[in-house]
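One-letter residues, chain by chain:
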Amino acid sequence: MSGIPSILFVDTLSGILRFLPLTLTLTFVFLGIMLNNMPWLIAGSGVLSVIVGVLGFQWLLSSLLPTTFLGLNLAGYGSPAMSLTCSLIPGNSYAQFPSLWFAIMGYFFSYILLNAGSIYNRSPAAAPGYSPAGQGRNVLVGKPVSVSANSIGVVQRRSVGLLSIIAVSILFGIIMIPRFMNHCESILGILAGLTIGSLSGWGIWTGVNSNQNPLADIHGVVLGLSPGYLRHTPIACVPTGGTTP
Amino acid sequence: MGLIEEIDRGFRYILQVLPDSLITGITVLAILLGNQTLFALAGSSLIMQALVTGIGYIIIKFNPDSVVTRIAEEPCAAGFINNYWARVRGGLANVDHPYAPSLYLATVAFFAGWGAGLKQLYAEEIDQGVISNSQTTGFLITAFIILAAVMILRIFVSNCETLVGAFVGVATGTLLGYVFSVSLGFATDRKATNIWGMPLLRDRIAAGSPIYTCQKDV
């Protein structure tokens, strides 16, 4: 392939592929602030802690261990050429163990997958009955309203969850394989990076999602499932069948 | 290599590729999250970039001195996609950029303007406490502080923008972001811009629907 197709399909796609972890991090943090989206900002802040942790671990290994340890190339930074072609920031020091690229992608993979699974499996929303305290027998207490599992809203939500699970699995598979094949990574570095990243994603998502908190919802679905978030003046239904505001 | 030097290089690089990173990131996230509001945002930002570039070239037509020729790889080129497009258009040393409006700052400002539009579109729901009003105001102020910081860095630290180009870029980007967000919201009954997925208040009286449904007498 040469000329314009080469530039478009090889250069552009390889550029996007190489910087994708950085791109996703920037998007979550920056758009989280610009569009006032707290779940994205939390997910972005989580990955920043993963980046600092992995870079710190790489530095610690290079300081404490010899370059070759137990016959494995675990510690030390790559050549300047490797820094230019493999590092997320061109020219910055690049270490293969643990892989920063795979740690960040593993983090996003587990975070998005967990949230997609959560919105897919969430039980249909139920609006509680209105039960005003101290109003006596004149007030009819409304029954809780349950949404049918086949309603359009539930099907749409489950579709978003399923679509996201499929998209994440396919896209991350497609993206990770070329990175693995371009000689920037080692097998041990990939395994360590994926483990650190996916465990961090799981830990942070689980922590934020305690009590099904909408702050973990990067898909933007959970708020819409809970009409109770709209605090409006309640209305009482009287036994005669009329309504009184 | 010193830690400070690496952090400095990282910061400068992130700043350089910010516009391209955001548009690529939004598109990838729209696919990964199955989120139609992100598709709308990605599409709108691409239309905005085309409009701002068009305005720039109209200015060049009337004032040819306002052209800056840059080598695409230098720190002022706005990201990795633009670099490759520059090669498509005839080589690294053949990138003409108008002084005004700044495409870089227009792109960053576009998202701040979009956020301001969202705050107005969903004002009633925010007032009802779906998300905190003080939080949305705080985020909006932070967004414009970040925009101002980026503008100062681009003008005075990396020397990539002129004062006029930067201000016109920020004004154009903010205005387009706000107008696109509000118009798209009204055109789609606020569905295509509901980035938080919040429950929407409906004017049931205007729609002729009963305001409250009560349980029937048994």
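Residues numbered from 1 in each chain as written. Chains lettered and ligands numbered in written order. Predicted model: local features only at pLDDT ≥ 70, side-chain atom pairs only at ≥ 80, totals over all residues. Heavy atoms only, no water.

1. Notes on the overall build of chain B
Spelled out, the test is: Helix numbers and strand numbers start at the N terminus; a helix is a DSSP run of H or I with at least 4 residues, a strand a run of E with at least 2. Burial status follows relative accessibility: with a 1.4 Å probe on protein chains alone, a residue under 20% of its type maximum counts as buried, one over 50% as exposed, and anything between as partly exposed. In this description, contact between two residues means that some pair of their heavy atoms is separated by no more than 4.5 Å. Exposure was quantified through the Shrake-Rupley algorithm and a 1.4 Å probe, taking into account, for residues, occlusion by the shown protein chains and nothing else.
From N to C terminus, chain B includes 9 helices and 2 strands. Along chain B, from the amino end to the carboxyl end, the secondary structure elements read α-α-α-β-α-β-α-α-α-α-α. The 218 residues of chain B split such that 49% are buried. Restricting the contact set of chain B to residue pairs at least 6 apart, pairs at least 24 apart contribute 74%. Surface summary for chain B: the accessible area is close to 10,400 Å², and the carbon and sulfur share equals 66%.

2. With respect to helix α3 (residues 36–62) of chain B
For clarity, the cut-off: To estimate the expected span of a helix, count its residues, drop one, and scale the result by 1.5 Å.
A rise of 1.5 Å per residue sets the reference length of α3 of chain B, with its 27 residues, at 39 Å; its end C-alpha atoms lie 40 Å apart and thus fit the reference within 8%. By the burial criterion, the buried members of α3 of chain B are Thr 37, Leu 38, Ala 40, Leu 41, Ala 42, Ser 44, Ser 45, Met 48, Gln 49, Val 52, Gly 56 and Ile 60 of chain B.

3. Considerations on the side chain of Asp 217 of chain A
Residues and elements named next belong to chain A. Rule in force here: Each polar contact in these results corresponds to two N or O atoms within 3.5 Å; when the atoms are within protein, one needs to be able to donate a hydrogen and the other to accept it, and residues that are neighboring in sequence are counted only if both atoms are side-chain atoms.
Of note, Asp 217 is situated in the loop between α6 (187–208) and α7 (222–225). For Asp 217, the side chain forms a polar contact with the main-chain nitrogen of Gly 220, separated by 3.2 Å. Once residues within four sequence positions are removed from consideration, Asp 217 is found in contact with Pro 39, Asn 115, Ile 119, Val 222 and Leu 223.

4. Considering the nonpolar core
Filter applied, for reference: By convention a nonpolar core is built from buried Ala, Val, Leu, Ile, Met, Phe, Trp, Tyr and Cys residues, the set being connected through side-chain atoms within 4.5 Å.
Counting 79 residues, the largest nonpolar core has Trp 40 of chain A together with Leu 38, Leu 41, Phe 111 and Met 198 of chain B as the members making the most contacts within it. The leading source of residues in this core is helix α5 (residues 103–121) of chain B, at 11 residues. Not counting the four nearest positions on each side in its chain, Trp 40 of chain A is found in contact with Phe 28, Leu 31, Gly 32, Leu 35 and Ile 218 of chain A together with Leu 33, Leu 38 and Ile 195 of chain B. Listed in part, the 5 residues of the second largest apolar core include Phe 19 and Ile 89 of chain A together with Tyr 13 and Val 17 of chain B.

5. Details of the confidence of the model for chain A
Residue and element names in this part refer to chain A. The test is simple: pLDDT is a per-residue confidence score from the predictor, ranging from 0 to 100.
When pLDDT is averaged along chain A, the result is 77; 68% of the residues meet or exceed 70. Confidence, expressed as mean pLDDT per element, reaches its minimum in chain A at strand β4 (residues 243–244) with 48 and its maximum at α6 with 94. This stretch, residues 127–141, has a pLDDT under 50; its non-local contacts, to residues over four places away or in other chains, come to 20 contacts. Between residues 241–245, whose pLDDT stays under 50, and residues either more than four places distant or in other chains, the model counts 9 contacts.

6. Details of the state of the cysteines
Residues and elements named next belong to chain A. What counts, and what does not: Any pair of cysteine sulfurs within 2.5 Å is marked as a disulfide.
A full pass over the atoms with the stated rule returns 1 disulfide over all chains. Through a disulfide, Cys 86 is tied to Cys 184; the S-S separation comes to 2.0 Å. What sets the handedness of the Cys 86 and Cys 184 disulfide is the S-S torsion sign, and at about -75 degrees it is left-handed. Taken together, the residues Cys 86 in helix α3 (residues 80–86) and Cys 184 in the loop between α5 (152–181) and α6 connect sequence positions 98 residues apart. For the pair shown, Cys 86 and Cys 184 are each scored as buried.

7. Regarding unusual backbone geometry
Phe 97 of chain A connects to Pro 98 of chain A through a cis peptide bond whose omega is -10 degrees. One can find Pro 98 of chain A in the loop between α3 and α4 (100–121). In this structure, Asn 36 of chain A is a non-glycine residue whose phi angle is positive, near 55 degrees. Of note, Asn 36 of chain A is situated in the loop between α1 (3–34) and α2 (38–64). Assessed through its relative accessible area of 6%, Asn 36 of chain A is described here as buried. The backbone of Asp 189 of chain B shows a phi angle near 60 degrees, a positive value even though the residue is not glycine. Structurally, the position occupied by Asp 189 of chain B is in the loop between α8 (163–187) and α9 (204–207). Assessed through its relative accessible area of 42%, Asp 189 of chain B is described here as partly exposed.

8. What about helix α1 (residues 3–16) of chain B?
In this model, α1 of chain B (14 residues) spans 20 Å end to end at C-alpha, consistent with the 20 Å of a helix rising 1.5 Å per residue. Taken as a whole, α1 of chain B has its buried residues at Glu 6, Gly 10, Tyr 13, Leu 15 and Gln 16 of chain B.

9. Details of the packing of aromatic side chains
Rules: For Phe, Tyr and Trp, where Trp contributes only its six-membered ring, two rings pair if their centres lie within 6.5 Å, and the inter-plane angle classes them as stacked under 30 degrees, edge-to-face over 60, or tilted in between. Geometrically, a lysine NZ or arginine CZ counts as sitting over a ring once it is within 6 Å of the ring centre and also within 35 degrees of the ring normal.
This model, assessed by the stated rule, comprises 11 aromatic pairs over all chains. Plain terms: the ring middles of Tyr 122 of chain B and Trp 196 of chain B are 5.7 Å apart, the flat faces sit at 85 degrees to each other, and that makes the pair edge-to-face. On the criterion of sequence distance, the pair formed by Tyr 122 of chain B in the loop between α5 and α6 (123–127) and Trp 196 of chain B in the loop between α8 and α9 is long-range, its members being 74 residues apart. The pair formed by Tyr 122 of chain B and Trp 196 of chain B is uniform in burial state, with each residue classed as buried. One aromatic cluster is present, formed by Phe 28, Trp 40, Tyr 107, Phe 108 and Tyr 111 of chain A through successive ring pairs. Here the guanidinium or amino end of Arg 158 of chain A rests over the ring plane of Tyr 120 of chain A, the centre of that ring lying 4.3 Å away. One residue, Arg 154 of chain B, lies across the ring of Tyr 104 of chain B, its end atom 3.8 Å from the ring centre.

10. Concerning the pattern of salt bridges
Residue and element names in this part refer to chain B. For clarity, the threshold we go by: In the sections that follow, a salt bridge refers to a side-chain nitrogen of Lys or Arg positioned within 4 Å of a carboxyl oxygen of Asp or Glu.
Tallied over the full model, the rule gives 5 salt bridges over all chains. Here Arg 190 ties to Glu 125 by a salt bridge, and the two come within 2.9 Å at their closest N and O atoms. Separated by 65 residues along the polypeptide, Arg 190 in the loop between α8 and α9 and Glu 125 in helix α6 bring together distant segments of the chain. Per residue, the accessibility class of Arg 190 equals that of Glu 125, and both read buried. Among the salt bridges present, the one from Arg 154 reaches Glu 161, with a minimum N-O distance of 2.8 Å. The same class applies to Arg 154 as to Glu 161, namely buried.

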